[in-house]
Amino acid sequence: MTRTATTVWLDGTLLDDDRMQLHALTHALHYGSSVFEGIRVYPTPRGPAVFRLREHVDRLIAGAATYGMELAWDADALIEAIVATVRSSGREAAYVRPLAFFGGETVRLNPGRECPVHVMIAVLPFEGLIPGSTEAPRFRATLSPFMKTPSRALPSTVKAGGHYTNSIRALAEAQARGFDETILRNERGEIAEGSGENVFIVQGGELITNDVDADILLGITRASVLAIAREAGITTRIRPITTADLAGSDEAFFTGTAAEVVPIVQIDEREMGDEGPLTRRLRTTYTEIVRGSRPAPGPWLTQVS
Ligand SMILES: Cc1ncc(COP(=O)(O)O)c(C=O)c1O
């Protein structure tokens, strides 16, 4: 049974409800010194399963190390804790938000020894990108006037709380102009990524996406889609994507844990038409794999029960 809307585990203990007390000087609240993950739980024929749990936990741990956060749990212990929290939520489909952060109690920038490192796991309902809709989403996107923070300033491979002020601003600006999503460019003017997704294009039957040197988060969905494409014999290219490439592409789509594979049907003034054939094929395959109705290219699903 679902106990509350959000099930929360904090520092090794399941809380009775989704309220937790934090020190007013919690470092992460003031300075964004947190790292987090977004993970999906899917209903499968064998019960609920977590998608690519180990990869998410590894990314969390690597991000925490970047900020000098010493976690009291190693990867195996975090995996176990996440599975137990999902099981306790009673949910078949869920979004899991692990968060490691510096707590109180100093206003000094260096959290030092004064700020304990906390780890939280929240399990919340996930009813699709557009709640209530059974249709696969399609995004109208715009090129953002905001630059993607260069990795020389904030490493794009780290999913840190403070890094997301860049995405928050860019998404708000795009949505204020009536678009669904934004595409940020890096300091060289090349395509970087969406506010919370990676970008793929299709040109002449080839699947193209950029790499870490474009200042992107190395998305786990991105890696999954590339693996699916390679297994299907589709030619994949990892290289910078220019605005001209995007403008001249036959198809374009976003990938991300929440979004899965979402066709881009418009970029600013340019109507791309409906979902292209390669996007549809990859989206359908991905959707079937995450829901356990098609074998995955690797051990991607962790059964919860
Ligand atoms: C900025 C950004 N890029 C890309 C992604 C896609 O990453 P993943 O596929 O691991 O969810 C996300 C979502 O986590 C993101 O926030």
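Please read all numbers here as calculations on a predicted model, not as lab measurements.

1. A short note on the site of the ligand
Within the structure, the ligand sits among 14 residues, and Leu217, Gly219, Ile220, Thr221 and Thr257 are positioned closest to it. The set of elements that each furnish at least two residues to the shell around the ligand consists of helix H5 (220-231) and strand E14 (251-256). Ranked by residues supplied to the shell around the ligand, first place goes to H5 with three residues. A per-class count over the shell around the ligand returns two nonpolar, nine polar and three charged.

2. Examining the domain arrangement of the protein chain
In many analyses, interface size is given as the accessible surface area lost on bringing the parts together. Assigned domains within the protein chain: domain 1 (7-125) and domain 2 (139-290). Between the C-alpha centres of domain 1 and domain 2 the distance comes to 26 Å. Secondary-structure elements contributing two or more residues to the side of domain 1 that touches domain 2 are helix H1 (27-31), strand E3 (34-36), strand E4 (39-44) and helix H2 (53-66). With five residues, the single largest contributor to the side of domain 1 that touches domain 2 is H2. Each residue belonging to the side of domain 1 that touches domain 2 can be placed in one class, and the counts come to eight nonpolar, seven polar and five charged.

3. A closer look at the environment of Thr6
Relative to the helices and strands, Thr6 is located in the segment before strand E1 (7-10). You can call Thr6 partly exposed: it has 18 C-beta atoms within 10 Å. It is 4.6 Å that separates the C-alpha atoms of Thr6 and Leu124, two residues lying 118 residues apart in sequence. Those residues in contact with Thr6 that sit more than four places away from it in its chain are Asp18, Ala122, Val123 and Leu124.

4. With respect to helix H3 (residues 75-89)
When the terminal C-alpha atoms of H3 are compared, their 21 Å separation across 15 residues agrees well with the 21 Å that a helix rising 1.5 Å per residue should span. Taken as a whole, H3 has its buried residues at Leu78, Ile82, Val83, Thr85, Val86 and Ser89. Viewed end-on, H3 has its buried residues packed into an arc of 160°, placing them on one side of the element. Along H3, exposed side chains directed more than 90 degrees from the buried face belong to Asp76 and Glu80. Of the residues flanking the end of H3, it is Gly90, one or two places downstream, whose phi is positive at about 75°.

5. Side note on the packing of H5 against helix H7 (residues 277-290)
Where H5 meets H7, the closest approach of the two axes is 10 Å, and the angle between their N-to-C directions is 110°. Here H5 is positioned roughly perpendicular relative to H7, judged by the angle of their axes. In contact with Ser224, Val225, Ile228 and Ala229 of H5, H7 contributes Leu282, Thr285 and Tyr286. Of the residues that constitute the contact of H5 with H7, the class distribution is five nonpolar, two polar and no charged.

6. Here we look at the pairing of E14
Two faces, one strand: in a regular strand the side chains alternate between the faces of the sheet. Summarising burial for E14: six of the six residues are buried, a large majority. Neither face of E14 is exposed, since Glu251, Phe253 and Thr255 on one face and Ala252, Phe254 and Gly256 on the opposite face are all buried. Across five bridges, strand E11 (residues 198-203) lies against E14 in antiparallel orientation. Along E14, the bridge assignment pairs Asn198 with Thr255. Judged from the four bridges that link them, E14 and strand E15 (residues 260-267) form a sheet pairing that is antiparallel. In the sheet register, Gly256 faces E15, and the bridge partner there is Glu260. As consecutive antiparallel partners, E14 and E15 are separated by three residues.

7. What to know about the nonpolar core
It is characteristic of soluble globular proteins that their nonpolar side chains tend to be buried jointly. Formed by 72 residues in total, the largest nonpolar core has its most connected members in Val50, Val86 and Ile264. Both domain 1 (7-125) and domain 2 (139-290) contribute no fewer than three residues apiece to this core. Those residues in contact with Val50 that lie beyond four places of it in its chain are Ile39, Val41, Ile82, Val83, Val86, Thr302 and Val304.

Rules behind the numbers
- Note that residues are indexed from 1 along each chain, following the sequence as it is written.
- Totals for whole chains, interfaces and linings use all residues, but because this is a predicted model, local features are given only for residues with pLDDT of at least 70 and pairs of side-chain atoms are given and counted only at 80 or more.
- The C-beta atom of each residue is placed using the backbone, and any residue whose C-beta lies within 6 Å of a molecule or strand is treated as near it.
- Secondary structure follows DSSP: runs of H or I at least 4 residues long count as helices, runs of E at least 2 residues long count as strands, and numbering of each begins at the N terminus.
- Each residue is assigned to one class: nonpolar for Ala, Val, Leu, Ile, Met, Phe, Trp, Tyr, Cys and Pro, charged for Asp, Glu, Lys and Arg, and polar for all the others, Gly among them.
- Here the bounds of each domain stem from an automatic or database domain assignment.
- Neighbour density around each residue's C-beta defines its exposure: 20 or more other C-beta atoms within 10 Å make it buried, 12 or fewer make it exposed, and counts between make it partly exposed, where C-beta atoms are placed from the backbone.
- Residue pairs qualify as contacts under a 7 Å threshold applied to their C-beta atoms, which are placed from the backbone.
- Helix span is expected to be 1.5 Å times the residue number reduced by one.
- Working definition: the arc comes from the directions between the helix axis and the C-beta atoms, pointing outward to the latter.
- Helix axes are fitted to C-alpha atoms over the stretch in contact, other axes to C-alpha atoms as well, and angles between N-to-C directions run from 0 to 180 degrees.
- Roughly parallel means an angle under 35 degrees; roughly antiparallel means over 145; roughly perpendicular covers 65 to 115; every other angle is labelled oblique.
- Paired strands, in this sense, are two strands between which DSSP finds at least two bridges.
- For our purposes the nonpolar core covers buried Ala, Val, Leu, Ile, Met, Phe, Trp, Tyr and Cys residues that link as a set through C-beta atoms within 7 Å.

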